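Observations on chain architecture
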Amino acid sequence: ATYLLWEKWKDKLPAHFWKIDMPLLNVLMAIEDRGIAINPKLLGGFSEGLEKALKDIDLSFNPFSNPQLQAYIYGVLGIEPFKFTNTGQPSVDADVLETIDDPVIKKVLEYKELYQEKNTYVDNYVKRLTIDGRIHPEFKQCSTVTGRLSSAHPNLQNVPTSEHSTMRQLFIAPVGKQLVRVDWSQLELRVFAALTQEPEMLKVFQSGGNIHKETALALGWNPDDPEKYKDAKTINFLMLYGGGAWKISQEFHIPIDQAKECIKQYFHKYQGIGTYFERVKAEAHETKKVSNYFGRVRRMDALYAEDWRVVQQGEREAINTPIQGTAAEIVKLAMIELHYKSSAPMILVVHDELLFEVDEPQAKEYARWLRDYLPTLTKISGVEFPVEVSVGRNWHDMKEVTK
């Protein structure tokens, strides 16, 4: 039956199936077979340390009980609810907790993060560590709607990267080798510029400018103020994900009118973005599908819904899918190129990041070669996709190679 289906459909398969999906299979199998080395002593100590830290946090209520959190936040603290769940209850998610300046809530956030690190990550690493001292995750090509790769058993694509998390120290290079990391610089924002063909945004990237500073200036903010720079960065990514005034209002805790003014100023600066949004939404409503630059199609069933909230979510996904999907394909093409034409073992892919295990004497030289070579592989509408490279003994403590 499988062969008959193959006979029926092989001539109708899209180009990306032959150019990306099939060649990538061997790449992913090789990464799975190699695995990534773990420091077993550090892993054991990490687990014990997390267990002790959890016991040291003294809370008078269950931090995972929404009713108890609601009672404390909106009852004891008397905070006015500003975000609600789908059932109309005051929200107690991380976005809300992070806005509250209270020692108990800070403990709740710390407890939740430590609990997740231990139960979601570290305990899984202990279970999955094989006799060769390595973890061998599974990689999946078909489990996300955008075309991004995912991993499981364990999932290494969501290892915490926050400033105070040192979990990446667990992942090490064996004796005599170093890890080389490649990280695409602002990949999705560059894809955003390439697909929208927004002239102001293209000008920033092509001239080597800073897109977040440009956005801050457009919104009347001081780009040299670290907080305003961070806010401008947030605005850029919210727009990339199709965020509207309501989302900006929630993110910055500002009135909806002020959020609308932000969007107005943003679209005044980057006029091609608004045009792109309207075109994509119109095409998605008409065809109930979207595709990325390389032709991968996603059905947009949400646009058949009668509930306006479901439709709005579908519109946001229609805007973002071509961007996120195109970025994912750029990384996949680089993986294929390096697997078949380079001898350095690739050991991990995490969204816009690749990790290699290279003999120590050649590590920096290989990193420099990657930095110069990878941007030449794919160019869209004149936009290149540069990478940053770094080298280190573990995944956490890596130094950027700039020369």
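Residues numbered from 1 in each chain as written. Predicted model: local features only at pLDDT ≥ 70, side-chain atom pairs only at ≥ 80, totals over all residues. Heavy atoms only, no water.

Structurally, the α-helix is built with 3.6 residues per turn, so residues lying three or four positions apart point the same way. Burial analysis of helix H7 (residues 187–196) places 10 of its 10 residues in the buried class, which makes it a mostly covered element. Of all the positions in H7, only Leu187, Glu188, Leu189, Arg190, Val191, Phe192, Ala193, Ala194, Leu195 and Thr196 are classed as buried. (Buried < 20%, exposed > 50% of the residue type's maximum accessible area, 1.4 Å probe, protein only. Helix = DSSP H or I, 4+ residues; strand = E, 2+ residues; numbered from the N terminus.)

Once that is clear, we can look at the layout of surface pockets. If you add up the space inside the largest pocket, you get close to 1100 Å³. As for the largest pocket, its lining consists of 32 residues, of which Thr161, Asp183, Lys233, Phe237 and Asp352 are closest to the centre. The leading source of residues in the lining of the largest pocket is helix H10 (residues 226–240), at six residues. For the lining of the largest pocket, the class distribution of residues is 11 nonpolar, 10 polar and 11 charged. Computed from the structure, the second largest pocket encloses a volume of approximately 980 Å³. In terms of lining, the second largest pocket is formed by 32 residues, of which the most central are Gly244, Trp246, Lys247, Gln312 and Arg316. It is helix H14 (residues 308–341) that contributes the most residues to the lining of the second largest pocket, 10 residues altogether. Classifying every residue of the lining of the second largest pocket by side-chain character gives 11 nonpolar, 12 polar and nine charged. (1 Å grid on protein atoms, 1.4 Å probe; cavity = no way out; pocket = protein on both sides within 12 Å on 5 of 7 lines; lining within 4 Å. Points joined across faces, edges and corners; volume = space filled by probe spheres on them. Nonpolar A, V, L, I, M, F, W, Y, C, P; charged D, E, K, R; others polar.)

Moving on to the sheet that holds strand S12 (residues 387–392). Taken in spatial order, the five strands of this open sheet run S8-S9-S5-S12-S13, and their pairing is antiparallel. Of all strands in the sheet, those with a lone pairing partner are strand S8 (346–350) and strand S13 (398–400), marking the two edges. Neighbour-to-neighbour, the strand axes of the sheet open up by a mean angle of 25 degrees, direction not taken into account. One ladder, built from seven bridges, connects strand S5 (residues 177–184) with strand S9 (residues 353–359); its direction is antiparallel. (Pairing = 2+ DSSP bridges. Axes fitted to C-alpha atoms, helices over the stretch in contact; angles between N-to-C directions.)

This next bit is on the nonpolar core. Membership of the largest hydrophobic core comes to 116 residues, with the highest contact counts inside it found for Tyr125, Trp184, Met335, Leu354 and Phe356. Ignoring any residue separated from it by four or fewer positions in sequence, one finds Phe356 in contact with Gln178, Leu179, Val180, Val182, Leu338, Ala344, Pro345, Met346, Ile347, Tyr366 and Leu370. (Core = buried A, V, L, I, M, F, W, Y, C linked by side-chain atoms within 4.5 Å. Contact = heavy atoms within 4.5 Å.)

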